[in-house]
Amino acid sequence: MSRIFNFSAGPATLPESVLKQVQSELLDWRGAGMGVMEMSHRDKEFMSIASQCEADLREVLAVPANYKVLFMQGGATAQFGIVPQNLLRGKTSADFVLTGDWGKKAAKEITKFGKANIAASAEAEKFNHIPDRAGWKLDPNAAYVHITTNETIHGVQFREVPEVGAVPLVADASSDIACRPLDVSKFGLIYAGAQKNIGPAGLTLVIVRDDLIGQTLPGTFGIHDYKAVADNESMLNTPSTFSWYVCGLVFQWLKAEGGLSAVGARNERKAKALYDYIDSQDFYKNPVKKEDRSIMNVPFTLANAETNDAEFLKGAKAAGLNGLKGHRAVGGMRASIYNAMPEAGVAALIDYMKEFVRTRG
Ligand SMILES: *Cc1c(COP(=O)(O)O)cnc(C)c1O
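Cut-offs used in this document
The residue count restarts for each chain, going from 1 along the sequence in the order it is written. This being a predicted model, a pLDDT of at least 70 is required before a residue's local features are given, and a value of 80 or more before pairs of side-chain atoms are given or counted; all residues contribute to the totals for chains, interfaces and linings. To get the side-chain values, take all heavy atoms of the structure and skip hydrogens and water. What makes a residue near a molecule or strand is one non-hydrogen atom of that residue sitting within 4 Å of it. Two N or O atoms count as a polar contact when they lie within 3.5 Å, although within protein this holds only if one can serve as hydrogen donor and the other as acceptor, and sequence-adjacent residues are included solely when both atoms are side-chain atoms. Note that accessible areas follow from Shrake-Rupley with a 1.4 Å probe, and for residues the cover is restricted to the protein chains shown. Strands here are runs of E lasting at least two residues and helices are runs of H or I lasting at least four, both read from the DSSP assignment and numbered beginning at the N terminus. Polar here means any residue outside two lists: the nonpolar Ala, Val, Leu, Ile, Met, Phe, Trp, Tyr, Cys and Pro, and the charged Asp, Glu, Lys and Arg; Gly therefore counts as polar. Here the axes come from fitting lines to C-alpha atoms, over the contacting stretch only for helices, and the angles between their N-to-C directions go from 0 to 180 degrees. Any angle that falls under 35 degrees is termed roughly parallel, while one over 145 is termed roughly antiparallel, one within 65 to 115 roughly perpendicular, and all others oblique. Throughout, a residue-residue contact means that at least one pair of heavy atoms, one from each residue, lies within 4.5 Å. The working definition used for a salt bridge is a side-chain nitrogen of Lys or Arg within 4 Å of a carboxyl oxygen of Asp or Glu. Categorising residues by exposure relies on relative accessible area from a 1.4 Å probe, with only protein chains included: less than 20% of the type maximum marks a residue as buried, more than 50% marks it as exposed, and the intermediate range marks it as partly exposed. Domain delimitation in this document rests on an assignment produced automatically or drawn from a domain database. When two parts are put together, the accessible area they lose, computed with a 1.4 Å probe and summed over both, is reported as buried area. Each patch is built from salt-bridge-free residues with over 30% relative accessible area, joining like charges within 9 Å and nonpolar side chains (Val, Leu, Ile, Met, Phe, Trp, Tyr) within 5 Å. Pairing between two strands requires that DSSP report at least two bridges joining them. UniProt positions are given in the numbering used here, feature names are shortened, and annotations may be inferred rather than shown by experiment.

**Observations regarding the site of the ligand**
Near the ligand there are 13 residues, and of these Thr 77, Thr 152, Asp 172, Gln 195 and Lys 196 occur at the shortest range. Taking Thr 77, its side chain carries an N or O atom lying 2.5 Å from an oxygen atom of the ligand. Take Gln 195: an N or O atom from its side chain is 2.9 Å from an oxygen atom of the ligand. A total of 390 Å² of accessible area belongs to the ligand in isolation, and the protein chains cover 86% of it. Here the element with the most residues in the shell around the ligand is helix α3 (residues 75-87); it accounts for four residues. Within the shell around the ligand, the residues separate by chemical class into three nonpolar, eight polar and two charged.

**Topic: the packing of helix α6 (residues 241-256) against helix α7 (residues 259-279)**
Axis angle and axis distance: for two packed helices, these are the angle between their axes and the distance between the axes, and together they describe the pair. Between α6 and α7, the shortest axis-to-axis distance is 7 Å and the interhelical angle comes to 80°. With respect to α7, the axis of α6 lies roughly perpendicular. The segment α6 lies against α7, with Trp 253, Leu 254 and Lys 255 engaging Gly 259, Leu 260, Val 263 and Arg 266.

**Remarks on the pattern of salt bridges**
Going through the model one piece at a time under the given rule, you end up with 22 salt bridges. Ionic pairing is found between Glu 268 and Arg 180, a salt bridge with its closest N-O pair at 2.9 Å. Note that Glu 268 is positioned in helix α7 and Arg 180 in the loop between β8 (169-172) and β9 (189-193), a separation of 88 residues in sequence. On the basis of relative accessible area, Glu 268 is assigned to the partly exposed category, the value being 28%. Residues joined in a network through salt bridges with shared partners are Arg 3, Glu 16 and Lys 20.

**Structural notes on the domain arrangement of the protein chain**
The domain boundaries assigned to the protein chain delineate domain 1 (17-256) and domain 2 (259-360). Inter-centroid distance (C-alpha atoms) of domain 1 to domain 2 is 27 Å. Contacts between domain 1 and domain 2 engage 25 residues on the former and 27 residues on the latter. Where domain 1 abuts domain 2, roughly 2,100 Å² becomes buried across the two surfaces, and 54% of that area is made up of carbon and sulfur atoms. If you look at where domain 1 meets domain 2, you find 14 residue pairs in polar contact (both at pLDDT 80 or more). For the side of domain 1 that touches domain 2, the secondary structure elements donating two or more residues are α2 (44-61), β7 (156-157) and α6. It is α6 that provides the largest number of residues to the side of domain 1 that touches domain 2, a total of three residues.

**Overview of a nonpolar patch on the surface**
Together, Leu 26, Leu 27 and Met 37 make up a nonpolar patch on the protein surface, roughly 340 Å² of accessible area in all. Secondary-structure assignment places Leu 27 in the loop between α1 (16-25) and α2.

**A word on the pairing of β9**
With five of five residues buried, β9 lies mostly within the body of the structure. Burial of the side chains of β9 extends over both faces: Leu 189, Tyr 191 and Gly 193 are buried on one face and Ile 190 and Ala 192 on the other. Note that β8 and β9 share three bridges and pair parallel. Looking at β9, one finds that Val 170 is bridged to Leu 189. Bridge count for β9 against strand β10 (residues 204-209) is five bridges, and the pairing is antiparallel. Its bridge partner lying in β10, Ala 192 is registered against Leu 205.

**Quick word on the UniProt feature "binding site: L-glutamate" (unreviewed entry) in the protein chain**
As annotated by UniProt and renumbered to match this structure, "binding site: L-glutamate" (unreviewed entry) occupies Arg 42. Turning to its location among the elements, Arg 42 is positioned in the loop between α1 and α2. Dropping the residues within four chain positions of it, Arg 42 is found in contact with Met 47, Met 235 and Leu 236.

**Digging into the sheet that holds β8**
Taken in spatial order, the seven strands make up an open sheet running β2-β10-β9-β8-β5-β3-β4, and their pairing is mixed. At either margin of the open sheet sits one strand with a lone partner, and together these are β2 (67-72) and β4 (115-121). Averaged over all pairs of adjacent strands, the angle between strand axes in this sheet comes to 20°, irrespective of strand direction. As defined by bridge partners, strand β3 (residues 93-98) adjoins strand β5 (residues 145-148) across two bridges and the pair is classed as parallel. Looking across to β5, one finds that Asp 95 is bridged to Val 145.

Pasting the structure below:
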């Protein structure tokens, strides 16, 4: 068996030690005589897996006690609609700061229930930066302010949590949750699909402040009501048990790696190595303003894309570097370097990029 370096944006690479543990427990989870996929979610074995995952997640992300942690399904895409159903709370609109395509999708989905006020947008500049906070047109009567902490397609990431006053801040953190320490108390709600940085697809994490739940719009399904989900410990119906279990192992791995400050420092080193190389020459380019560059997703273009892109991808694959094709919306390449991508993977990518320029540039 030989494993590649997988730069896919999601589903994405997982820590090898976690996969090995899953493999060793696949047929018989710790003497249960069955694997986790086969367990009833009501069994005491699975209940212990679920509660251990929440405890480890709370520890790793330093989630304050007045926040609920919910394990839902439907991905971040379902949350684009579920968030307004729960958080409009009698108000008619929410503010959106658009830094990429995912935020645009969230702003579109709220219109079934209320109004999206676009407080700021970088779309006219092809989402190559975060609009300056001073220019945001926030509405004091908005139900919440929505941001995308990391725009996966464009490679644009908030470095600081923006101050938005008394209106709750809501974040789609699908592609950068747990990439470095984060002050959860600055948010009203954080949501994230698991399949970028914390586990297999199928699970959606929601971290929400207690006082914001329990006021859903009429017509909201029970399974989409955060209060009902919280009251039933995310087991109103059958949860995504296997993904929940693997996410739990990933949170244990994060603890063993030294927690988010150690993992965040490693992520910063990986991103810096790649951006430093890109900035040091003229063949590859990244269009994002330096302060707003993502440490998780690094898009880059090649000179003479028409002739070089296909060759680059072909050679990368032969060198064991996969998943580098950029999103169709922006073209070029994208290296997703989530928590589980080792520094050796980034070094191998940079070596390959240098070699490609040397032979074909
Ligand atoms: C991947 C992604 C989504 C969509 O996630 P699904 O789980 O496919 O619904 C939404 N927002 C961001 C920032 C993403 O990276």
